[in-house]
Amino acid sequence: MTNSEPNDYIKYIANLAKLSLDDNEIQSLADDMRDIIGLMDTIKNIDTEHIDATEHISRVTNNMREDNPGDSFETEKILSNSKKTMENCFAIPKMIE
Amino acid sequence: MDITRLTIKEARGLLDNKEISAVELTRMYLDRINIIDGKVESYLSVTEDMALENAQQAQNIIDSGKSSMLTGIPLSIKDNICIEGTKTTCASKILEDFVSPYTATAVNRLLTDNAVILGKTNLDEFAMGGSTENSAFKTTKNPFDVARVPGGSSGGSAACVSASLALGSLGSDTGGSVRQPASFCGVVGMKPTYGLVSRYGLVAFASSFDQIGPIAKTVEDCAIILDSICGNDPKDATSLKYENDSNYSSSVSGDIKGLKIGLPKEYLTEGLNAEIKDSLYKSIDNLESMGAKIEEFSMPVLKHAVPAYYLMSSAEASSNLSRYDGVKYGYRADNCKSFNELIGKSRAEGFGKEVKRRILLGTYALASGYYDAYYKKALKLRTLISNGFNEAFSKYDVVLHPTAPETAFKIGQNTNNPLTMYLADIYTVAVNIAGLPSISVPCGYDSKGLPIGLSFTGKPLGEKEIFRAAANFEAEFADKFRVPAI
């Protein structure tokens, strides 16, 4: 985190991560993140030029199966954990005026 | 019967010989939870009605003479593993009221074997942490010293087994979250090979690292639980199609004469507490006296495992945790006028500080302009770490190492220092990066009487070798094994 305005950068990242943080929290997290990114920076100079990346260590490839229809969850059960529903749908604030 | 020393194997004998009924055994644990868990705070919820119902069904199976190893055995489940109709909170405010609409495959397999589920145990929020202090609801105490942490993130599971509030427990291990708390609480914790146990119904933290694993008093008990929960599951696309030709619990017998054990030099650095180092070398002497051949080897890339792990696991977490938006389930902020405000506020008010740090780190590592320097670099280190272990396992059957650089620390000691907490994962994270199996067993106690753990790590699907090595070590250590005076 070499930015001259580190808190601005935290605000930018928090916005990308959809976290609405207040100024106190931004300040406190910015202090923590400076140390944490410092640790992450220790890998920057390792020579890995000819090394392939490993996204996943799973020893499974192309896990195929027959396309047989199965039971689905009941709508009511899935909606039951939502704080606000309407006509068998999840409800959110109005998006289009 | 001394409940503090009772094992699953012994309880099986008592149940099958009708010396105790499954309901009596379950009642004994529920009563003990009522009396003792106020001091340990290992459970987030106790499912008493379900437990007694499970126990009655189990007794019917026992009476019909068809019991399996876990029939009627009281167990607990970490609260990031779903059981239909019960709360799964992940120790987070954001899931405080979440009721699971389905049951995790691993739990379903325990229930198919008629095990008894006593309740759900505490953890660091979303399994992010090494002390269980990041729980939004409770601070679990170490049964060996209630002023100290039980480790984490499966601290509730480890503490409840240590305090004999369940005969065994399911935890989850993303970077050491089963093995490190087992080590802090003086019990056995095992992380299986990636893909051996289905992740279906385990709330995702870092999907390419997460594995459910057992915690119990003995190596054999962990093997008995693994026998129940392992195996292919079409509901988890990363689940291995591996046919086990014999039970893991039968692999604990047999000696270790000629077993080749490697000890990575990079794990013997100045960060390792002197008493733990001393205990490690005593353990090495014991293993050698049993006929194992031990030699040091070097794997320099291991010193980069902690930053590589935090970059990759946080990147996966930032993506996995984007599902918590206040809409489909979980905490929802009040009085929001727009969709974006609803998501941003629900997440800011629902997640705790450590979870926010990981989301920020992961988002940063994946952000445009930083991806190559951080995330992709970490993925390349993953290749080097995997290759390093492959090379080690071409020479050795098992890799031996300490589980943690320190014993249990005081509650509150590291809460304001996330970096210290991250660095303490040094001996456990490489195992998850490479997807290997590993087991931590008690190997000694420091001058304060706090347990020390020793880890045996195996090659992919090398569970049987590590169970056998750990069980031999455990048998030699049996007369020194302590239970907490809680």
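Here is what the cut-offs are and how they apply
Positions within a chain are numbered from 1, following the residues in the order the chain's sequence is written. Both sets of labels track the order of writing: A upward for chains, 1 upward for ligands. It should be noted that, the model being predicted, local features are given only for residues of pLDDT at least 70 and side-chain atom pairs only at 80 or more, the latter also being counted only at that level, while totals for whole chains, interfaces and linings use all residues. UniProt positions are given in the numbering used here, feature names are shortened, and annotations may be inferred rather than shown by experiment. By the criteria applied, helices consist of DSSP H or I runs no shorter than four residues and strands consist of E runs no shorter than two, each listed in order from the N terminus. The size measure is the radius of gyration over C-alpha atoms, and the globule rule it meets is 2.2 Å times the number of residues to the 0.38 power. Around each residue's C-beta, the other C-beta atoms within 10 Å are counted; 20 or more make the residue buried, 12 or fewer make it exposed, and counts in between make it partly exposed. All C-beta atoms are placed from the backbone. Distance between backbone-placed C-beta atoms decides contact: two residues are in contact if it is within 7 Å. Working rule for helices: expected span equals 1.5 Å times residues minus one. Directions pointing from the helix axis toward each C-beta atom define the arc. Put simply, Ala, Val, Leu, Ile, Met, Phe, Trp, Tyr, Cys and Pro go in the nonpolar bin, Asp, Glu, Lys and Arg in the charged bin, and everything else, Gly too, in the polar bin. pLDDT is defined as a per-residue confidence score from the predictor, taking values between 0 and 100. One bridge is not enough; two strands pair if DSSP finds at least two bridges between them. To obtain an axis, a line is fitted to C-alpha atoms, over the contacting stretch when the element is a helix, and the angle between two such axes runs from 0 to 180 degrees between their N-to-C directions. The labels follow the angle: roughly parallel below 35 degrees, roughly antiparallel above 145, roughly perpendicular from 65 to 115, and oblique for the rest.

An unreviewed UniProt entry annotates chain B as Glutamyl-tRNA(Gln) amidotransferase subunit A originating from Ruminiclostridium papyrosolvens C7. Taken from UniProt, the Subunit (unreviewed entry) comment for chain B reads in full: "Heterotrimer of A, B and C subunits."

Chain A appears in an unreviewed UniProt entry as Aspartyl/glutamyl-tRNA(Asn/Gln) amidotransferase subunit C from Ruminiclostridium papyrosolvens C7. Entered under Sequence similarities (unreviewed entry) in the UniProt record, the comment concerning chain A runs "Belongs to the GatC family." Turning to chain A, the UniProt annotation filed under Subunit (unreviewed entry) states: "Heterotrimer of A, B and C subunits."

Let us look at the overall build of chain B. Check the secondary structure of chain B and you find 15 helices and eleven strands. Radius of gyration (C-alpha) of chain B: 21 Å, near the 23 Å computed for a compact globule of 486 residues. Principal axes of the C-alpha set define a box for chain B whose edges measure 65 × 55 × 45 Å. Relative to its full complement of 486 residues, chain B shows a buried share of 62%. In chain B, of all internal contacts separated by at least 6 residues, the share reaching a separation of at least 24 is 76%.

All names here are of chain B. Taking 1.5 Å of rise per residue, 16 residues should cover 22 Å, and helix H3 (residues 48-63) covers 22 Å from first to last C-alpha, within 8% of that figure. Within H3 the residues assigned to the buried category are Ala-51, Asn-54, Ala-55, Ala-58 and Gln-59. The arc that holds the buried residues of H3, viewed along the axis, is 145 degrees, so those residues lie on one side. Pointing more than 90 degrees away from the buried face of H3 are the exposed residues Asp-49 and Asp-63. Among the structural elements, helix H2 (22-40), strand S2 (74-78) and strand S3 (116-121) are those in contact with the buried residues of H3. Note on H3: the residue one or two positions beyond its end, Gly-65, has a positive phi of about 75 degrees.

This paragraph deals with the interface of chain A and chain B. Facing the 44 residues of chain A at the interface are 56 residues of chain B. Elements with a contribution of two residues or more to the side of chain A that touches chain B: helix H1 (6-16), helix H2 (23-40) and helix H3 (75-79) of chain A. Here the side of chain A that touches chain B is composed, by residue class, of 24 nonpolar, nine polar and eleven charged.

Here we come to the confidence of the model for chain B. Per-residue pLDDT for chain B has a mean of 97; in total, 100% of the residues score no lower than 70. Across the predicted assembly, pTM comes out at 0.97 and ipTM at 0.93.

Here A:Leu16 shows up in helix H1. Take A:Leu16: there are 16 C-beta atoms within 10 Å of it, and that puts it in the partly exposed class. Taking the C-alpha atoms as reference, A:Leu16 lies 39 Å from A:Glu66; in sequence the two are 50 residues apart. Residues in contact with A:Leu16, not counting those within four places in the same chain, are B:Thr363 and B:Ala367.

Right, let's get into the sheet that holds strand S10 (residues 438-445) of chain B. Residues and elements named next belong to chain B. Spatially, S1-S3-S2-S4-S6-S5-S10-S11-S9-S7-S8 is the arrangement adopted by the eleven strands of the open sheet, whose pairing is mixed. Looking at which strands have only one partner, the edges of the open sheet turn out to be strand S1 (43-46) and strand S8 (293-297). When strand polarity is set aside, the average angle formed by the axes of neighbouring strands in this sheet is 30 degrees. Here strand S5 (residues 188-191) pairs with strand S6 (residues 211-216) via two bridges, running antiparallel. Directly across from Val-188, in S6, lies its bridge partner Ala-216.

We now examine the UniProt feature "domain: Amidase" (unreviewed entry) in chain B. The UniProt record annotates "domain: Amidase" (unreviewed entry) at residues 24-466 of chain B. From the first C-alpha to the last, residues 24-466 of chain B spans 34 Å; its make-up is 37% helix and 14% strand.

Let us look at unusual backbone geometry. Backbone phi values are negative for most residues with the exception of glycine, while trans is the configuration of most peptide bonds. Here B:Gly152 and B:Ser153 are connected by a cis peptide whose omega angle stands at 10 degrees. Structurally, B:Ser153 is set in the loop between S3 and helix H5 (155-162). Unusually for a residue other than glycine, A:Lys18 sits at a positive phi of about 50 degrees. Along the polypeptide, A:Lys18 turns up in the loop between H1 and H2. Given 19 C-beta atoms within 10 Å, A:Lys18 falls into the partly exposed group. Its identity as a non-glycine residue notwithstanding, B:Thr132 has a phi of 65 degrees, on the positive side. The residue B:Thr132 is located in the loop between S3 and H5 in this model.

Axes are the key here: two packed helices are described by the angle between their axes and the distance separating the axes. Residues and elements named next belong to chain B. As a packed pair, helix H7 (residues 219-229) and helix H15 (residues 463-477) sit with axes 9 Å apart at the nearest point and diverge in direction by 150 degrees. By the criterion of interaxial angle, the relationship of H7 to H15 is roughly antiparallel. Listed contacts from H15 to Val-219, Glu-220 and Ala-223 of H7 are Phe-467, Ala-470, Ala-471 and Glu-474.

Moving on to the UniProt feature "active site" (unreviewed entry) in chain B. All names here are of chain B. Look at the UniProt record and you will see "active site" (unreviewed entry) annotated at Lys-78, Ser-153 and Ser-177. Despite a sequence span of 100 residues, these residues sit close together in the fold, their greatest C-alpha distance being 10.9 Å. Beyond its immediate chain neighbours, meaning those up to four positions away, Ser-153 contacts Leu-123, Asp-124, Ala-127, Met-128, Gly-129, Gly-130, Thr-132 and Ser-177. Inspection of the secondary structure assignment puts Ser-177 in the loop between strand S4 (168-173) and helix H6 (179-184). Excluding anything up to four places from it in sequence, Ser-177 contacts Ala-127, Gly-152, Ser-153, Ser-154, Gly-171 and Ser-172.

Residues and elements named next belong to chain B. Here Val-429 shows up in helix H14 (residues 429-434). Sequence separation between Val-429 and Gly-176 is 253 residues, and the spatial gap between their C-alpha atoms is 6.0 Å. When sequence neighbours within four positions are dropped, the list of residues in contact with Val-429 reads Gly-175, Gly-176, Ala-305, Val-306 and Tyr-309.

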